[in-house]
Amino acid sequence: MNFKFLQKKIPSYLLIGAVVVLLLMLFEPTRSFAQDATGAKTGTINDVPAATAGKPTVSEVGEVAGHNKIAINIMWTLLAGFLVMFMQAGFALVETGFTQKKNVAHTMGMNFMVYAVGMFGFWICGFAFMFGGALNAATLGGAPGVISHEYVVHMFGHDFGLAGSVGFFLNSDVYDVGVFTLFLFQMVFMDTTATIPTGSMAERWSFKSFLIFGFFISMFVYPIYGNWVWGGGWLSQLGANFGLGHGMVDFAGSSVVHMVGGVAALAGAIIIGPRIGKFNADGTTNTIPGHNIPMALLGTFILALGWFGFNPGSTLAGGDFRISIVAVNTMMAGTAGTLAVLVLLYIQKKKPDPGMLANGMLAGLVAITAPCAFVNSLSSVIIGAIAGCLVVLTIYIMDYKVKIDDPVGAFAVHGVNGAWGVLAVGLFADGSYGDGWNGVAGPVKGLFYGDASQLGAQSLGTLTCLVFVFVVMYAFFKISNKITPIRVKAEDEIAGLDIPEMGVQGYID
């Protein structure tokens, strides 16, 4: 071969490199692997802690297996909590995108600060009120040495739990890995509730008033109702005490998280009143468009991602195979909500408004949050589709009938569909999951699968949430308005809240 010819055409360093690569390709397959490339040799009996190295007893092997099981559950719950925490970014983008450019820093600021304010309120006393009577979660290790306690009243021959009384400031009495895992997971759930009214009251809410609200809802309202459903309180015991199914069942928070936030948002929107220019003197309604639809849709996708922590994470157990069912049901309901809205818009001969489509997805996700572990995929699609219809109907009623200004549709998405999700458990739960839920033997079944009493428990829980949260939050907004006005000055609202309330502009043109 004419190598001189090749050298003229190809640089010598490339020829050398090609030869090296060729040699590696020829000899590499013949070389034996000294490492453990498949992992088959990694993790042996020598890695099991034992009094005699390499010869663990059955008891020692059992302790390691138990430790690993709880470790998997704790890791899964924490990772799910991290996903839920990221939902705060989604809420911030959705609400800011759906509001006006002149209020960007203010709307973003509320969504940012509710994380810090809500966390401290929950740390001070909210967590204790909510879970002080149920700190010993078996999937998280049972919190050995931690003594839970619940305030109860005794009526009609039964105990009615009202609030927990252990765990204030996460003190040394609850200094346990399982309790701290539960705190983180439940804190980010609470933060979802607390941020919902920032949408319904956006563009006219005083920042100082908002800060007071953040502490109040995280310290009292969310935890008290949450205790009644998740903390061993009286709604959870409707089954054991009165034979109403398994008591109030809300797997991941259609009522505890979303309906509480949605009803609080409704009370706030009523008290604060509509934005200037929303309704005319003759009663007609003006549309005040959001300034950034791409931002809102991006936020919706972030929320949809976070819901995979929200719903599957509520198993509190990485080894619970039901996680896959929960995740798929969550996906199906969200997309069914979007498609239902699309069909409705076309039936009404309207354009496919991206903002309304986004609310359809969120409505489906909210509605499936309570029943996600108890229903099949067809039921999840039905639940999500109904949620999409409900969100369109509710937004229309609020805008054109009752004249309540809710800039992002917070009550329609979270309030109405939170209620629908809880009721859906009482209708569609198919009896394939939930054996022993709330201390009642047998799986959870709804009306369509033979247990009408479960619908009774769900209905009572929904009504309780509506009355309790609305009355308390309506009174709170009335009283807090005496402390510091909840609404900004009219001239500030017209000009934009970024400079008057926050001192900076959200955008610099």
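Our structure's up above, just so we're on the same page.
Participant: Just give me the short version of the overall build of the protein chain, but keep the residues and values in it.
Facilitator: Helix and strand content of the protein chain: 17 helices and two strands. Summarising its shape, the C-alpha atoms of the protein chain cover approximately 95 × 70 × 45 Å along the three principal directions. Counting contacts in the protein chain only where the partners sit at least 6 residues apart, residues at least 24 apart contribute 76% of the total. Split by element, the accessible area of the protein chain, about 22800 Å² in all, is 70% carbon and sulfur. Counting 24 positive and 28 negative side-chain charges, the protein chain places the centres of these two groups 13 Å from one another.

Participant: How would you explain the pairing of strand S2 (residues 158-164) if you had to name every residue and give the values?
Facilitator: As paired elements, strand S1 (residues 150-155) and S2 share six bridges and run antiparallel to each other. Residue Tyr151 lies in a different strand from S2, and its bridge partner there is Ala163. Hairpin connection between S1 and S2: a loop of two residues separates the two successive antiparallel strands, and Phe156 in this loop has a positive phi of roughly 55°.

Participant: Tell me about a nonpolar patch on the surface, and name the residues and values.
Facilitator: The grouping of Tyr151, Val153, Met155, Phe156, Leu162 and Phe242 at the surface amounts to a nonpolar patch, some 600 Å² of accessible area in total. A total of three residues in the nonpolar patch trace back to one element, the largest contributor, which is S1. On the secondary structure map, Met155 appears in strand S1.

Participant: So, helix H9 (residues 254-272): which residues are in play, and what are the values?
Facilitator: An α-helical segment advances 3.6 residues per turn. Residues three or four places apart therefore align on the same side. With 19 residues, H9 extends 25 Å from end C-alpha to end C-alpha; this agrees with the ideal 27 Å at 1.5 Å per step. The buried fraction of H9 is high, at 18 of 19 residues.

Participant: Tell me about the layout of surface pockets, and please be specific about residues and values.
Facilitator: Size it by volume and the largest pocket reaches roughly 770 Å³. Taken together, 31 residues form the lining of the largest pocket, with Thr287, Asp353, Met356, Ile395 and Asp399 sitting closest to its centre. Put simply, the parts of the chain that give the lining of the largest pocket at least two residues each are helix H12 (354-368) and helix H13 (377-400). Counting residues per element, the lining of the largest pocket draws most heavily on H13, which supplies six residues. Looking at the lining of the largest pocket, its residues break down into 15 nonpolar, eight polar and eight charged. Volume-wise, the second largest pocket comes out at about 630 Å³. Lining the second largest pocket are 26 residues, with Phe131, Trp230, Ser314, Leu316 and Trp437 positioned closest to its centre.

Here is what the cut-offs are and how they apply
- Residues numbered from 1 in each chain as written.
- Predicted model: local features only at pLDDT ≥ 70, side-chain atom pairs only at ≥ 80, totals over all residues.
- Heavy atoms only, no water.
- Helix = DSSP H or I, 4+ residues; strand = E, 2+ residues; numbered from the N terminus.
- Contact = heavy atoms within 4.5 Å.
- Areas by Shrake-Rupley, 256 points an atom, 1.4 Å probe, with all protein chains shown as cover.
- Lys, Arg positive; Asp, Glu negative; His and termini not counted.
- Charge placed at Lys NZ, Arg CZ, Asp CG, Glu CD.
- Pairing = 2+ DSSP bridges.
- Patch = residues over 30% accessible without salt bridge, like charges linked within 9 Å, V, L, I, M, F, W, Y side chains within 5 Å.
- Salt bridge = Lys/Arg side-chain N within 4 Å of Asp/Glu carboxyl O.
- Expected span 1.5 Å × (residues − 1).
- Buried < 20%, exposed > 50% of the residue type's maximum accessible area, 1.4 Å probe, protein only.
- 1 Å grid on protein atoms, 1.4 Å probe; cavity = no way out; pocket = protein on both sides within 12 Å on 5 of 7 lines; lining within 4 Å.
- Points joined across faces, edges and corners; volume = space filled by probe spheres on them.
- Nonpolar A, V, L, I, M, F, W, Y, C, P; charged D, E, K, R; others polar.

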